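Observations on the model geometry
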Amino acid sequence: MLALILAAPAAAQTQQIVIPAEPLSQAIIDLARQTGASVGGVDPAQCQARPRLVRAARADMAMRRLLAGSHCRFDTPEAMVFVLKLKPRLVLRLPRPKPPEPDAPVEVMVTANRRLQNAATAASAISVVDGDTLARSGGDLADAASQVAGLTLTNLGAGRDKILLRGLSDGVFTGRTQSSVGLYLDDAPITYNAPDPDLLLVDMARVEVLKGPQGALYGEGSISGVVRLVTRTPDLTRYSGEITGELGLSDRADTSSRVEGVVNVPLFKDRFGVRLVGYTDQAGGYITDALTGAKHINGVQRFGARVSAIWRLNDDWSLTASQASQHINAKDSQYVSGALGPYTRALAVREPHDNDFSQGALALQGRTRFGTVKLTLNHLHHQLDSRYDARNLAGTYGLPDVTGLVYDQAQAVELTTRELSLVSPSDQRLRWLAGLFSAQSAERLTPRLSDAATQESVYSERRHDRITTLAGFGEISYDLTPRWSASLGLRQTQTRHDIDSRLETATTSGDQNEHMVDHAVSSRLSHQVTLRYRPDDLATFYLQSGEGYRSGGFNTTHLYGTAAIPARYAGDELNSYEAGAKLRWPSLNLRVDAAIFKAYWRDLQSDQLQADGLPVTVNIGNGVNTGLELEAVWTPLPDLTLKAAGLMNDPQVTRPNPNYVTREDSGLPYIARQSLGLSADWQRQLGDWTWRSGGEISWRGRSHLNFGPLQSIEMGGYAVLNISASLERDNLRYSLKLDNALGADANSFAYGNPFSLGVASQTTPPRPQTLWISLTRGF
C-alpha cells in the first residue's frame with residue numbers, strides 16, 4: 001500500500017471530481033461513485049448528451065457540465081440528490097395550464113452487489129432506506145425495519161438482538177452459530193456470531209439490504225442476505241455541521257434524551273477532509289420491580305463516535321480511513337414474567353448487559369485501465385457481557401443448594417479482514433469482477449455460574465476459538481442482447497477452526513474438570529446465477545439461483561453429569577430460487593418491486609437450550625420457505641409520498657431432529673406468515689418554512705418462539721403506529737414524533753431468561769408511548 005501511495009504523482013490535479021469522456025449513463029455512475037450522490041429521473045439515453053471530459057469541484061457543477069447542450073436538465077430536491085428531467089420543447093402556442101406533476105421517484109445508486117449500479121435495474125432484490133428516512137424514523141436498524149419487506153429483528157434488548165431476513169430464522173437464541181445475515185459498516189463486516197451491535201445510525205447516507213443467500217459475493221454469514229450501513233463521506237468542498245437535541249417524554253417510562261453532532265472539515269480543499277460524528281442516547285426504563293418497588297429499572301445508555309477521512313491522492317486514486325466505536329450499558333433486561341402486568345416483574349437479581357464495539361478500517365481505491373482496484377483492511381473488537389438470574393438451578397444437576405445462582409457470560413471477539421478486488425468498467429458488454437479475501441477471528445468465551453451471595457464459582461468455562469478463512473471470488477456478466485443479460489458468480493472458501501476449552505464444575509461430589517482441544521477444516525464452493533430481461537427502461541425482470549452456507553463448529557458448554565450433547569455440529573447450506581420484477585409507471589409516479597422465492601435449507605444450524613438452560617448448537621433438520629415480498633412507492637401528489645413493504649411466506653421444517661422438533665410441518669421461530677409496513681410523508685411550503693408530517697404503521701402476525709415444546713409459546717399479532725411532524729427552514733428544524741401512538745403493549749418477544757423459560761411465561765412489551773421533541777441546527 002505504501003508503494004502505491006508514494007507512486008501517486010506529486011503534481012496531481014486539484015479538482016475533486018474527474019469524469020472521462022464516456023456515455024452519460026456511465027458518467028452518472030462515476031459521479032455517484034466519487035461523490036455519493038443519488039441520481040434518478042428519466043433514462044439518461046433520452047438526454048442525448050455528448051460524451052465529454054469533466055473536471056469540477058462540486059457534484060452539481062459536474063452534473064451541469066455533463067448535461068450541457070443535451071435535452072435534459074436536473075432538479076436537486078435535497079443535497080446530493082439529482083433528478084433528471086427532459087427540457088420542455090418549444091411550441092408555437094401556449095398549452096392549457098396543468099397542475100404540477102409529482103417528481104419521478106429518485107433512483108439510488110448502490111454497491112451491495114460490489115459494483116456501483118442502479119437499485120431499480122439491478123437483477124437482485126435490493127431495498128434501500130435513505131439517510132433522511134433513517135434520521136426521522138428513530139435512528140437504529142429496528143426503527144427502519146418496517147421500510148424493508150422481510151427484515152425482522154428480535155427484541156431481547158439493546159445490543160442483544162438477531163437480524164433475520166426473508167423469513168429464514170435459525171432460532172431466537174444466540175449461541176455458537178454464525179449470523180445468518182451479514183452486517184457491514186460500509187465495506188467492513190462487523191458481526192460473526194455475536195448479536196447486532198445496534199449502532200445508532202447517525203449521519204448515514206443509506207442502508208442497503210441485499211436479500212437472499214450471498215455466498216458467492218460475501219461468503220459465510222450471509223446465508224439469508226446482507227445489510228450494509230453506508231456512512232456519509234467527508235465533503236472536500238466546504239465546512240459544515242449539524243447538532244440535534246431530543247427529549248422523549250412518557251407517562252409509563254422514564255425521560256429519554258439524545259444529542260447528536262456532526263462536523264465536516266475540508267482540511268485541504270478538494271484533497272483531504274475529515275468528518276466527525278458523536279452522540280449520546282439515554283433510553284428511559286419502563287419496567288417496574290414488584291419486589292423492591294423500584295421503577296424504570298431497565299434504562300439504557302448508549303454513546304458513540306465515528307471519524308472518517310479521505311485523501312484524494314490524484315484524479316484516480318483515493319485513500320479513506322475510518323474509526324467507529326459505541327458503548328451500550330443496559331441496567332436490566334426488558335422482559336416481564338408472570339401475571340403482574342405488562343410492565344411489572346419480580347426478580348431478585350438484576351440482569352444487566354454491556355455491548356462495547358470498536359472498529360477501524362482503511363481502504364485504498366483507484367481507477368486503472370483494467371477497472372477499479374480496491375484494497376480494504378478492517379479490524380473489529382466486540383465485547384459483550386450479560387448476567388441472568390439462574391436461581392432455578394440451585395440444588396439440581398449435582399450443584400450446591402445455595403440461596404441463588406447467577407449466570408455471567410463474557411464474550412470478546414477480535415476480527416481482522418482483508419480484501420482485494422478488481423471491478424471492470426460498467427459500460428462494457430462483458431463485465432467482470434475478481435477478488436481475494438482473508439479473515440482471522442479470535443474469540444474468548446467465559447461463562448460462569450456462581451453463588452449470588454458469596455460470588456463463589458460453581459461452574460466456569462474458558463473457551464478460545466480461532467477461525468481462519470481464505471477465499472477467492474469472482475463474477476462475470478454478459479449482455480446476450482440489448483435486452484437480455486446473464487451473470488455467474490463463484491466463491492471458493494477454505495476455513496480452519498481451532499478450539500481450546502477448559503471447564504470446571506463444583507458438584508456435591510467434588511470438583512470436576514474437563515479439557516478439550518480440537519480443530520476442523522472445511523472447503524466450500526458456492527455459486528450465484530442470474531438472468532435479467534429489460535424490455536424497456538421502465539421494467540426489469542430477473543431469475544436468480546443463489547447459495548449460502550455456514551461452517552460447522554463445536555459444543556463445549558455443559559454441566560458435569562448432564563445429558564450428553566453433540567460434540568460437533570455440521571455446516572448448513574441454503575439454496576434459493578427467485579423470480580423478481582421491478583416496474584415503473586412514470587405517468588402514475590408509481591414504483592413496484594416484487595419477488596417470489598423458494599428457499600431450501602439443509603442441516604439447519606440452530607442455537608438451542610439444554611434442559612438446564614445452557615446453550616447448545618444442533619442441526620435441527622431441514623427447512624423450506626416459500627414467499628412473496630412486495631415493496632411499492634407511490635407519489636399521487638407532488639407533496640405526498642406513500643410507501644408499502646410486505647412479506648407473505650410459509651416457513652416449514654422438514655426431516656426434523658426428533659430431539660428438538662416435535663412435528664415436520666412446524667414453522668421457523670419468530671417468523672410470522674404475514675408482515676406489513678405502511679408509511680406516508682406529506683410536505684407543504686409555508687412561505688420560507690416547509691411543513692412536513694408523516695406516519696408509519698407496522699404489523700407483524702402471530703409467530704411461535706421456538707421448535708419443539710416451546711413452539712406453543714406465541715407472540716406478535718399487533719401493530720405499532722408512529723407519527724411525526726416538523727417545521728423546517730434553511731438549517732433549522734423543529735420536530736415532534738409520537739412513538740407507539742396506539743399504546744400497544746402486546747408480547748413482542750416471548751423470551752428473556754433461558755433458566756426460567758420453562759417455569760413461567762416471559763413477555764416483552766414494546767416501548768410505551770413516547771413523545772419526542774427535537775431541535776436540529778445546521779451550520
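Values in this document were obtained by computation on a predicted structure and should not be read as measured data.

1. Structural notes on the overall build of the chain
When you go through the chain residue by residue, the secondary structure sums to six helices and 45 strands. Radius of gyration (C-alpha) of the chain: 27 Å, near the 28 Å computed for a compact globule of 779 residues. With respect to the principal axes defined by its C-alpha atoms, the chain has extents near 100 × 55 × 50 Å. Relative to its full complement of 779 residues, the chain shows a buried share of 56%. Pairs at least 24 apart in sequence give 66% of the contacts found in the chain among residues at least 6 apart. With an accessible surface of roughly 32,700 Å², the chain has 56% of that area assigned to carbon and sulfur atoms.

2. Section: the side chain of Ser726
Looking at the element boundaries, Ser726 is found in strand β42 (residues 714-729). Ser726 sits in the buried class, given a relative accessible area of 3%. A polar contact is formed between the side chain of Ser726 and the side chain of Arg136, at a distance of 3.3 Å. Excluding anything up to four places from it in sequence, Ser726 contacts Arg136, Thr690, Trp691, Arg692, Arg733, Tyr734 and Ser735.

3. Some thoughts on a nonpolar patch on the surface
The grouping of Leu430, Ile476, Tyr478, Leu480, Trp484, Leu488, Leu490, Leu525, Val529, Leu531 and Leu543 at the surface amounts to a nonpolar patch, some 910 Å² of accessible area in total. Put simply, the parts of the chain that give the nonpolar patch at least two residues each are β27 (457-479), β28 (484-507) and β29 (510-536). For Leu430, a relative accessible area of 39% gives the class partly exposed.

4. Remarks on the side chain of Asn355
Along the chain, Asn355 falls in strand β23 (residues 353-367). The exposure class of Asn355 is buried, given its relative accessible area of 1%. From its side chain, Asn355 meets the backbone oxygen of Gly159 in a polar contact 2.8 Å long. A polar contact is formed between the side chain of Asn355 and the side chain of His382, at a distance of 2.7 Å.

5. Brief notes about the sheet that holds strand β8 (residues 126-130)
Within the open sheet, the five strands sit side by side as β8-β13-β14-β11-β12. Their pairing is mixed. Edge strands, defined here as strands with exactly one partner in the open sheet, are β8 and β12 (188-189). Judged from the two bridges that link them, strand β11 (residues 181-185) and β12 form a sheet pairing that is antiparallel. Bridged to Leu185 within β12 is Ala188.

6. Points about the pattern of salt bridges
Under the defined criterion, the tally for this structure stands at 45 salt bridges. Two residues, Glu208 and Arg228, come together in a salt bridge whose shortest N-O distance is 2.8 Å. In this pair, Glu208 sits in strand β13 (residues 204-211) while Arg228 sits in strand β14 (residues 225-231), placing the two residues 20 residues apart along the sequence. A relative accessible area of 4% means that Arg228 is categorised as buried. Taking the shortest distance from any N to any O, the salt bridge between Arg387 and Asp408 comes out at 2.7 Å.

7. A word on the nonpolar core
Ranked by size, the top nonpolar core spans 38 residues in total, and within it Leu141, Leu151, Val207, Val227 and Leu229 carry the most contacts. Here Leu151 is in contact with Leu141, Ala145, Ile163, Leu164 and Leu165, once residues within four sequence places are set aside.

8. Brief notes about the environment of Pro638
Mapped onto the elements of the fold, Pro638 is located in the loop between β37 (622-637) and β38 (640-649). With a relative accessible area of 44%, Pro638 lands in the partly exposed category. Measuring from C-alpha to C-alpha, the distance between Pro638 and Gly338 comes to 51 Å, with 300 residues separating the pair along the chain.

9. Brief notes about the confidence of the model for the chain
Averaged over the chain, the pLDDT score is 88; the fraction of residues at 70 or greater is 93%. Taken element by element, the chain is modelled with least confidence in helix α1 (residues 2-6), mean pLDDT 33, and with most confidence in strand β19 (residues 300-312), mean pLDDT 97. For the stretch residues 1-15, pLDDT sits under 50, and the model shows 24 contacts to residues farther than four places along the chain or on other chains. Within the model, the stretch residues 90-105 combines pLDDT values under 50 with 14 contacts to residues more than four positions away or in other chains.

10. Some remarks on the environment of Tyr542
Within the secondary structure, Tyr542 is located in strand β30 (residues 539-550). Sequence-wise, Tyr542 and Ser124 are 418 residues apart; in three dimensions their C-alpha atoms are separated by 7.4 Å. Once you skip the residues sitting within four places of it in the chain, Tyr542 turns out to touch Ala123, Ser124, Ala125, Leu531, Arg532, Glu578, Ala579, Gly580, Ala581, Lys582 and Ala595. In terms of polar contacts, Tyr542 uses its side chain to reach the backbone amide nitrogen of Ala125, at 3.4 Å.

11. What about the packing of helix α2 (residues 24-35) against helix α3 (residues 59-66)?
It is at 11 Å that the axes of α2 and α3 come closest, and there the two elements cross at 175°. In terms of orientation, α2 and α3 fall into the roughly antiparallel class. Between α2 and α3, the residues in contact are Leu24, Ala27, Leu31 and Thr35 and Ala59, Ala62, Met63 and Leu66, respectively. A per-class count over the contact of α2 with α3 returns seven nonpolar, one polar and no charged.

12. Quick word on the state of the cysteines
Where two cysteines share a covalent bond between their sulfur atoms, that bond is called a disulfide. Scanning all chains against the criterion turns up one disulfide. What pairs with Cys47 in a disulfide is Cys72, and their sulfur atoms sit 2.1 Å apart. Taking the sign of the S-S torsion, about -85° here, the bridge from Cys47 to Cys72 comes out left-handed. Of this pair, Cys47 sits in the loop between β2 (38-41) and β3 (54-56) while Cys72 sits in strand β4 (residues 72-78), placing them 25 residues apart in sequence. Each of the two residues, Cys47 as well as Cys72, counts as buried.

13. Examining α3
Here α3 has its buried residues at Ala59, Ala62, Met63 and Leu66. Projected onto a plane normal to the axis of α3, the buried residues spread over an arc of 100° and lie on a single side.

14. Overview of the packing of aromatic side chains
As enumerated under the stated definition, the model contains twelve aromatic pairs in all. With a centroid separation of 5.5 Å and 90° between ring planes, the pair formed by Tyr670 and Phe749 is classed as edge-to-face. Placement of Tyr670 in the loop between β39 (652-654) and β40 (674-686) and of Phe749 in the loop between β43 (732-739) and β44 (762-763) is noted, with a sequence separation of 79 residues between them. Here Tyr670 falls in the buried class, since its relative accessible area comes to 4%. With relative accessibility at 1%, the residue Phe749 sits in the buried group. Site record: aromatic cluster; members linked through ring pairs are Phe173, Tyr670, Phe749 and Tyr751.

Each value, and the rule that gives it
Residues numbered from 1 in each chain as written. Predicted model: local features only at pLDDT ≥ 70, side-chain atom pairs only at ≥ 80, totals over all residues. Heavy atoms only, no water. Helix = DSSP H or I, 4+ residues; strand = E, 2+ residues; numbered from the N terminus. Rg over C-alpha atoms; globule rule 2.2 N^0.38 Å. Buried < 20%, exposed > 50% of the residue type's maximum accessible area, 1.4 Å probe, protein only. Contact = heavy atoms within 4.5 Å. Areas by Shrake-Rupley, 256 points an atom, 1.4 Å probe, with all protein chains shown as cover. Polar contact = N/O pair within 3.5 Å; in protein donor to acceptor, adjacent residues only side chain to side chain. Patch = residues over 30% accessible without salt bridge, like charges linked within 9 Å, V, L, I, M, F, W, Y side chains within 5 Å. Salt bridge = Lys/Arg side-chain N within 4 Å of Asp/Glu carboxyl O. Pairing = 2+ DSSP bridges. Core = buried A, V, L, I, M, F, W, Y, C linked by side-chain atoms within 4.5 Å. pLDDT = per-residue confidence, 0-100. Axes fitted to C-alpha atoms, helices over the stretch in contact; angles between N-to-C directions. Parallel < 35°, antiparallel > 145°, perpendicular 65-115°, else oblique. Nonpolar A, V, L, I, M, F, W, Y, C, P; charged D, E, K, R; others polar. Disulfide = S-S within 2.5 Å. Arc of directions from axis to C-beta. Phe/Tyr/Trp six-rings, centres within 6.5 Å; stacked < 30°, edge-to-face > 60°.

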